[in-house]
Amino acid sequence: MKNILFILLCFIAQTTIAQIKFEGVVKDSLGKPLELANVIALNKATNSLESYGITNNEGRFRLALKKNTTYAIKVSFIGLATINDSITTKEADFKKDFVMKPDNELKAVELTYEMPVTIKGDTIVYNADSFKNGSEKKLGDVLKKLPGVEVTDEGEIEVEGKAVTKVMVEGKEFFDGDSKLATKNIPADAVDKVEVLKNSNEVSQLKGLGNDQDNVMINIKLKEGKKNFWFGEVTGGLGPDERYIANPRLFYYSPKYSVNIITDFNNIGSIPFTRRDYFNFSGGFRNAARNTGTNFNVASSDIGFLTLRNNRAKAIDSKFGAANFSYSPKKTWDITGFAIYSGSRTELEENSVNDYIDETTPDEITATTTRQKSDLGLFKLSSSYKPNKNNQMDYDFFGKVSQQTETQDFYSSLLGDIDERQAQNPYSFNQNFNYYYTLSDNHIFALEAQHLLQDEDPFYNARLAQSEQFRFTDLLGLNTSQTFLDIAQDKRVKTNKFDARLDYWYVLNQKSNINLTAGTTLSSQQFDSEIFQLLDSGSKLSLFSAQQNVENNIKYNFSDTYLGMHYKIKSGKFTFTPGITAHTYSVKNTQFGSELKDTFTRFLPDANIRVQFKDSENLNLAYQMQTDFTDVNNLAEGLVFNNYNSIFRGNRTLENALSHNLNLSYFSFNLFNYTNIFAFLNYNKRVDPIRNRSQFLSIPGSGGNPDALSTNSVSTPFNSNFADETFTANGRFERTFGKIKASVGGTVSLSKINQEINGNRTVNESFTQAYRTKVSTNFRNAPNIEVGYNLSINKYDQGTNSNRFITKSPYVNVDAYFLKSFIFTADYSYFNYSSEERTINNYSFLKAELSYQKKDSQWEYSVKGTNLLNTKSLNQDNSNSFLTSTSEYFIQPRYLIFGVKYNL
């Protein structure tokens, strides 16, 4: 790795030495500097683009050019005549200024070469071909090469450090803006332009009224040959051990309608749509109670299936199909929709060491083999009607259904063999209606209403041997005369939630407005659960415990009625948006024949201050006071199984928590020297937070006296008298030097959480650090390389129990397009996982692909290998209020796939 870094640095140095700087200033005929003028240099010998630049606020530009070379220089600016010039470089840097004249004074000269980057107001347009070198396969490969654009490992897109909220193709929504499906499926050769829309708002009437500066969308413009025609690709592949892949992808775009069809069938561990993606997929719905200061979210009520790490497992078989359409019956009406199916069959194997906080509880060694079956479905239908500029009406219907099972063969060094099974078939349906009305330039109204219907039915079953370590026997009233303890739990949670808000803006002038908001949130939840025992005879034994209820039947109602006011004013570089919202809250839960109700009023202030140094540089400070409410899962006082080792008992007397959120962010994107900087600081303090009071059950010693504690625990939530605090800092610096792009960044998070273990207060502190640095090239006629180094340090301090884990990970990615027909890509990463005392594991990954496609041919042939070093396992650590755990999980072996692709 050190040799590779040295060679790369020498190569970069040699490239830099072989260049000179061409600088100057662009002004108009009155001598005023022109900001955002385009300057490009075309190599006359090769007629190719050598370098380009965009002037800064002082009109300055800077290009990196080769020595002793002749260039055609073109300078352009909207509304002014293009300048055509010619220069010949020598051995030294030099300067030259340009004066641009009005278009009507000179005959316009046609610009025969498109600018790589063009800025039009809040829109940045990238010409994709200016950044391609021929090795790109998907949209994500193109976006990674654009200045200021980043694509995460999960396929999410960030522009200037801000997450992209929506992805469109030809102005039409692509699967409701899901960036992962876009980056991993849209063919790179279909992309003509990438339009970055900053300060965006999907409702044109509301643009500029609020704080749109953090809203970023992307629109993909297709090449002319891809419009009004079906395009895409059909890929298939086979390998040893019955490995296979099949990935048809078809797309059609016309001004009136569009269709996207994506499928992916494979058993090599490639998961196009994970369970995490499924649960995080919001369908584009916004929380109607946003920015009001109330935090009431319906929590997931499942027990929690094991999740994959980095989409790796011992065996994965995936089936995925998705279709998206848009149709415009007329110019004022758009109908869109999609349907997604994702099915997977997964096998996981994991070994863990659990270090419990309580010193009398022995360490636990576990080994788990897990089999998962998951079928996930999503669908959405949307309608947007805009009869004129003053009216817009939107309706959305979004549904999620799934069928999931998980079985585990579990071994514990303390409890022996345990068989576990989980199953659930939850569904949710969300409806959204929005109406926006502009009475006049000074009076604008917005009505938003949303309804959620959700039903969750997780089932849990654990079968384990009789053991003194299992301390729930007496608590649950189990029949101990059976061969095994076979315990099961049914749970059902139904949620009916309605949100509505009415906003009114009184626009005083172009720099200030007043926003009045009135709204309500109404929620009704029904929670039912029962723990029972399955006997050797196969019959069901309903349990009864003298200590605690083992059944739940609770109804929980929550309501919030609020009235808020915000005032926005611009003064020079500053924008101030102070506000306050008055809330009347009511919570009521009914269980075990009694009712508990609470009603109160609270005023919640918030403020936002933005300093706009220039169009591409700003500083933002935001503060919000927030009331946090729990949902029904924490209120049910009957016993509920979390897993074989943990029982949960709710607390109906829980009160809300109050949190203070402070955020400071800085963004700077300089196209003059291609420097991208962003930084976040966030501090959160929660007063009266809901935390867990946990009691580990004792193991009788000699004479019946407890001398140790088991791993079995009973947890109950309570309002802590001690505040929780979290601080997070995140930032990245990126700079482009000609064809070289370098970046360094990191995330630091410090949290302090109070818990109660066995009657004693414990303070859980975690200090996590993640640092990233990389250098990459983007040459057109040479192989490209990306070299990086990631370092993560996780420290968990839980009073008497302290652990520190370190992961060091250098990596190298190579892609090369050669002989006008071959593409070679390879990704290598190395991991060193250690504690403070020793190295726990070393492992590395290598995947590579070689493909061949003759010029002008529609057929491509490839050979691809995954996990070529045949690494057996990976490691991970985590911590919670009970323990610190370090785990080893086993992954898929080496696979080779021989594939063929046909491009439509």
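Residues numbered from 1 in each chain as written. Predicted model: local features only at pLDDT ≥ 70, side-chain atom pairs only at ≥ 80, totals over all residues. Heavy atoms only, no water.

1. Side note on the overall build of the protein
Short version of the rule: Labels follow the DSSP assignment, with helices taken as runs of H or I lasting at least four residues and strands as runs of E lasting at least two, numbered in each case from the N terminus. The globule rule used here is 2.2 Å times the number of residues to the 0.38 power, and the radius of gyration it is set against is calculated over C-alpha atoms. Buried, partly exposed and exposed residues are distinguished by accessible area as a fraction of the type maximum, computed with a 1.4 Å probe on protein chains only: under 20%, between the cut-offs, and over 50%, respectively. Every residue pair with non-hydrogen atoms within 4.5 Å of one another is taken to be in contact. Surface accessibility in these figures is a Shrake-Rupley result with a 1.4 Å probe; residues are shielded only by whichever protein chains are displayed. The positive count covers Lys and Arg only, the negative count covers Asp and Glu only, and His and the chain ends enter neither. All charge positions are set by atom: Lys at NZ, Arg at CZ, Asp at CG, Glu at CD.
Of regular secondary structure, the protein possesses five helices and 52 strands. Whereas a compact globule of 904 residues would reach a radius of gyration of roughly 29 Å, the protein reaches 30 Å, a difference of no more than 12%. Considering only C-alpha atoms, the protein reaches an extent of 100 × 65 × 50 Å along its principal axes. Here the protein, with 904 residues, has 51% of them falling under the buried criterion. Sequence-distant contacts in the protein: of pairs separated by 6 or more residues, those separated by 24 or more amount to 66%. Only carbon and sulfur atoms are counted for the fraction: they give 54% of the accessible area of the protein, which is about 40,800 Å². Charge separation in the protein, taken as the distance between the mean sites of 99 positive and 101 negative side-chain charges, equals 8 Å.

2. Some details on the nonpolar core
To be explicit about the condition: Buried Ala, Val, Leu, Ile, Met, Phe, Trp, Tyr and Cys residues that are joined via side-chain atoms within 4.5 Å together make up what is termed a nonpolar core.
Within the largest apolar cluster, 56 residues are counted, with the highest numbers of intra-cluster contacts made by Tyr-126, Phe-174 and Ile-340. Here this core takes four residues from strand β16 (residues 216-222), the largest share from any one element. Beyond its immediate chain neighbours, meaning those up to four positions away, Phe-174 contacts Val-167, Met-168, Val-169, Leu-181, Ala-182, Ile-186, Phe-251, Tyr-253, Asn-260, Ile-262 and Asn-324. Ranked by size, the runner-up nonpolar core spans 22 residues in total, among them Ile-418, Ala-462, Tyr-644 and Ile-647.

3. A look at the confidence of the model for the protein
Where we set the bar: Every residue carries a pLDDT, the predictor's confidence in it, which falls somewhere between 0 and 100.
Here the protein shows a mean pLDDT of 88. Residues at 70 or above account for 94%. Taken element by element, the protein is modelled with least confidence in helix α1 (residues 2-17), mean pLDDT 52, and with most confidence in strand β33 (residues 574-591), mean pLDDT 96. Every residue in residues 106-111 scores below 50 in pLDDT, and together they form seven contacts with partners more than four places removed in sequence or on other chains. The model gives residues 702-706 a pLDDT under 50, and that stretch makes six contacts with residues more than four places away or in other chains.

4. Some words on the side chain of Ser-751
Heads up, the rule is: The definition of a polar contact used here is a pair of N or O atoms within 3.5 Å, where within protein one atom must be able to donate a hydrogen and the other to accept one, and adjacent residues in sequence count solely through side-chain atom pairs.
Inspection of the secondary structure puts Ser-751 in strand β43 (residues 740-757). According to the relative accessible area criterion, Ser-751 is buried, its value standing at 13%. Within the structure, the side chain of Ser-751 is placed 2.6 Å from the side chain of Ser-766, a separation counted as a polar contact.

5. Things to note about the side chain of Ser-873
One can find Ser-873 in strand β50 (residues 873-879). On the basis of relative accessible area, Ser-873 is assigned to the buried category, the value being 8%. Separated by 2.7 Å, the side chains of Ser-873 and Glu-888 make a polar contact.

6. Quick word on the pairing of strand β32 (residues 551-571)
Just so we agree on the cut-off: Strand pairing follows a simple DSSP-based rule, namely that at least 2 bridges must link the two strands.
With 19 bridges connecting them, strand β30 (residues 512-534) and β32 associate as antiparallel partners. Bridge pairing in β32 places Ser-524 opposite Asn-557. Relative to β33, β32 runs antiparallel, the two sharing 16 bridges. When the sheet's bridge partners are listed, Ser-571 is paired in β33 with Phe-574. Where β32 hands over to β33, the hairpin turn is made up of two residues, of which Gly-572 adopts a positive phi near 65°.

7. Quick look at the sheet that holds strand β3 (residues 48-54)
Hydrogen bonds along the backbone pair up the strands of a sheet, which may run parallel or antiparallel. To keep it simple, the criterion reads: Only the stretch in contact is used when fitting a helix axis, every axis being a line fitted to C-alpha atoms; angles between N-to-C directions are given from 0 to 180 degrees.
Ordered in space as β3-β2-β5-β6, the four strands form an open sheet in which the pairing is antiparallel. Edge positions in the open sheet fall to β3 and β6 (80-88), since each of these has one partner strand only. Along the sheet, successive strands turn relative to each other by an average axial angle of 20°, direction set aside. Bridge count for strand β5 (residues 70-77) against β6 is seven bridges, and the pairing is antiparallel. Note on β6: the bridge partner recorded for Thr-70 is Thr-88.

8. Regarding the pattern of salt bridges
Rules: A carboxyl oxygen of Asp or Glu within 4 Å of a side-chain nitrogen of Lys or Arg is what we treat as a salt bridge.
A complete count under the given rule lists 35 salt bridges for this structure. We note a salt bridge from Glu-150 to Arg-732, for which the minimum N-O separation is 3.9 Å. Of this pair, Glu-150 sits in strand β11 (residues 149-151) while Arg-732 sits in strand β42 (residues 724-737), and the two are 582 residues apart along the sequence. On the basis of relative accessible area, Glu-150 is assigned to the buried category, the value being 13%. Judged by its relative accessible area of 12%, Arg-732 falls in the buried class. For the salt bridge of Arg-732 with Glu-158, the shortest nitrogen-to-oxygen distance reads 3.7 Å. In this pair, Arg-732 sits in strand β42 while Glu-158 sits in strand β12 (residues 157-159), placing the two residues 574 residues apart along the sequence. Among the residues examined, Glu-158 registers a relative accessible area of 22% and is labelled partly exposed. Salt bridges here are not isolated pairs; linked through shared partners, they connect Lys-137, Lys-138, Glu-233, Arg-249, Glu-849, Glu-860 and Lys-901.

9. Considering a nonpolar patch on the surface
For clarity, the threshold we go by: A patch is a set of surface residues, each over 30% in relative accessible area and not in a salt bridge, joined within 9 Å for like charges and within 5 Å for the nonpolar side chains Val, Leu, Ile, Met, Phe, Trp and Tyr.
Together, Phe-574, Phe-576, Ile-609, Leu-621, Leu-662, Leu-664, Leu-681, Phe-727, Leu-750 and Phe-767 make up a nonpolar patch on the protein surface, roughly 760 Å² of accessible area in all. Mapped onto the fold, Leu-681 is located in strand β39 (residues 675-687).

10. Things to note about the pairing of strand β10 (residues 123-127)
Counting buried positions over the five residues of β10 gives five, a clear majority of the element. Burial along β10 is two-sided: Thr-123, Val-125 and Asn-127 and Ile-124 and Tyr-126, pointing in opposite directions, are all buried. With four bridges connecting them, strand β9 (residues 117-120) and β10 associate as antiparallel partners. Across the sheet, the residue bridging to Thr-118 is Val-125, located in β10. In textbook terms, the turn of a hairpin is the stretch between consecutive antiparallel strands, and for β9 and β10 this stretch comprises two residues, one of which, Gly-121, has a positive phi near 65°. Note: β10 against strand β15 (residues 191-198), five bridges, orientation antiparallel. Paired with Val-125 across the bridge in β15 is Glu-195.

11. Examining the layout of surface pockets
Test applied: Of the grid points, spaced at 1 Å and generated over the protein atoms alone, those admitting a 1.4 Å probe that cannot get out make up cavities, while open sets with protein on both sides within 12 Å along at least five of seven lines make up pockets; any residue with an atom within 4 Å of a point is treated as lining. Grid points are joined across faces, edges and corners, and a volume is the space filled by probe spheres set on the points. Put simply, Ala, Val, Leu, Ile, Met, Phe, Trp, Tyr, Cys and Pro go in the nonpolar bin, Asp, Glu, Lys and Arg in the charged bin, and everything else, Gly too, in the polar bin.
Taken as a whole, the second largest pocket spans an internal volume of roughly 1,000 Å³. For the second largest pocket, the lining is made up of 47 residues, of which Asp-122, Asn-199, Lys-570, Gln-612 and Asp-615 are closest to its centre. Where the lining of the second largest pocket is concerned, the elements lending two or more residues are β29 (485-509), β30, β32, β33, β34 (594-614), β35 (617-628) and β38 (657-670). In terms of residue class, the lining of the second largest pocket is built from 12 nonpolar, 19 polar and 16 charged.

12. Looking at unusual backbone geometry
The phi angle of most residues is negative, glycine excepted, and most peptide bonds adopt the trans form. Even without being glycine, Asp-688 reaches a positive phi, approximately 55°. On the basis of relative accessibility, which here comes to 35%, the residue Asp-688 falls in the partly exposed class. Look at Asp-856: it is not a glycine, yet its phi comes out positive at around 70°. Inspection of the secondary structure assignment puts Asp-856 in the loop between β48 (839-852) and β49 (859-866).

13. Things to note about the environment of Thr-736
Assignment of secondary structure puts Thr-736 in strand β42. In sequence terms Thr-736 and Gly-237 are 499 residues apart; their C-alpha atoms lie 38 Å from each other. Those residues within four positions of Thr-736 in sequence are excluded, and the remaining contacts are Asn-673, Tyr-674 and Lys-741.

14. Looking at the packing of aromatic side chains
Inclusion rule: Pairing of aromatic rings covers Phe, Tyr and the six-membered ring of Trp, with a centre-to-centre limit of 6.5 Å; geometry is then stacked below 30 degrees between planes, edge-to-face above 60, and tilted otherwise. Each ring is checked for a lysine NZ or an arginine CZ that lies within 6 Å of its centre and within 35 degrees of its normal; such an atom marks a charge sitting over the ring.
Counted under the stated rule, the structure contains 40 aromatic pairs. Put simply, the rings of Phe-296, Phe-558, Tyr-585, Phe-600 and Phe-629 pair up and form one aromatic cluster. In this arrangement the basic side chain of Lys-400 is found over the ring face of Tyr-278, its NZ or CZ atom lying 4.9 Å from the centre.

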